[in-house]
Structure formats: structure tokens, C-alpha cells
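# Geometric and topological summary
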Amino acid sequence: MLFALAAAKRDLKGRAAKLGDIKPENIFINDDGKARIASQYSWPGEIPSFERATDMENYNYNGLLAPEDVSELQRGSLENDNNTHSEIFAIGATIISAGILNNFSSVYHYKNKTFNTQAFREIKHTWANSERYSPIFKSIVLNLVDSNPGERLTETELW
């Protein structure tokens, strides 16, 4: 799944600022067992996650925004195209969500535009203590969801 998300992000580079709404519900497995990602080019009407979160009247949003994007929502921003690290966070959060079979609903309250840091730490702790995955894989994914966007892997490093 990590490879499929990184490859989708790489394939759209230069064509779109954002891949779309990265979350487990938007990853599909085809008949050949390959992961496919819903993007602006493969899913009619797909819009980036931040744009969905700004329009709470039309969407009951349940996505995975980076903490700094939630701060931008609080400030009233209507786009986050300049934040190249936000989708890296969403990729990591998607892997964690699928890996621990739990969602991030306790982390976000989009109507109030808040991010619950304590709930986020608890989810990261659950992931870090899981014995299902190798320490290096867990470490890579934890880097993707670092609260400091400057500390996250870049798109180039991810690929």
C-alpha cells in the first residue's frame, strides 16, 4: 500500500498539486491484487482532502489532514496547495489506519476545526508497539506522520 500511494503521488507530479483525498476508503484492490488509488484523474469529481474539509456544508468529511492543515482551516484558508508535506502525512496516516485496523476519528473534529494531539499520540503509540510489522517499516511510517512537516520525508525521499 505504501508503494502504491508513493507511486500515485509521483505519477501526478507536474499535473496536479494534490493527489486527492488520501485515506483507506479511497484505496481499492483490483482483480489482479494490485492497489489502485482514487485520484483526481481516476475518480470523477474527486477533489483534494483540504478542499473537502473547507466545505463542511456539502461534505461530511472524515479524511486525514496534516495538523498544520487543520491550523490553516482554523485561519480560514481555502487551499493548501503550497503545503507539499500534507499528503505525505495522509499517506502515513492511511498506512497506520489500515495497519492497526482503526481510524483517526478520535483525532479530528472538522466541524470545530480541531486536531486532538493526545488521541494522535495514542494512535502512533499503538502503531509503534505493534508486533505485526518490522521496526524499520514502523519507523518509516512514523516519520511520515511527524507533527513537524519539515521533519517528514519528502516526496523524493519517499519514492
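Everything discussed here concerns the structure shown above.
So, a few notes on the structure that sits alongside this text. Not measured: the values here are computed from a predicted model.

Moving on to helix α3 (residues 67-74). Within α3, burial applies to P67, E68, D69, V70 and L73. Contacts from the buried residues of α3 go to α2 (49-54), α4 (86-100), β3 (108-109) and β4 (114-115). In the stretch just after α3, G76 is the one whose phi turns positive, near 90 degrees.

Bringing the packing of α4 against helix α5 (residues 117-129) into the picture now. Packing of α4 against α5 leaves a shortest axis separation of 10 Å and a crossing angle of 60 degrees. One way to sum up the angle between α4 and α5 is to call them oblique. As for the relative orientation of α4 and α5, their crossing is left-handed in sense. Touching F89, I95, I96, G99 and I100 of α4 are F120, I123, T126 and W127, all from α5. In terms of residue class, the contact of α4 with α5 is made up of seven nonpolar, two polar and no charged.

Structurally, the position occupied by S97 is in helix α4. For S97, a relative accessible area of 9% gives the class buried. Looking at S97, its side chain comes within polar contact range of the main-chain oxygen of N102, at 2.6 Å. What S97 contacts, discounting residues up to four positions off in sequence, is P24, N102, N103 and F104.

What counts and how
Residues numbered from 1 in each chain as written. Predicted model: local features only at pLDDT ≥ 70, side-chain atom pairs only at ≥ 80, totals over all residues. Heavy atoms only, no water. Buried < 20%, exposed > 50% of the residue type's maximum accessible area, 1.4 Å probe, protein only. Helix = DSSP H or I, 4+ residues; strand = E, 2+ residues; numbered from the N terminus. Contact = heavy atoms within 4.5 Å. Axes fitted to C-alpha atoms, helices over the stretch in contact; angles between N-to-C directions. Parallel < 35°, antiparallel > 145°, perpendicular 65-115°, else oblique. Left-handed = near helix turned anticlockwise from the far one by under 90°. Nonpolar A, V, L, I, M, F, W, Y, C, P; charged D, E, K, R; others polar. Polar contact = N/O pair within 3.5 Å; in protein donor to acceptor, adjacent residues only side chain to side chain.

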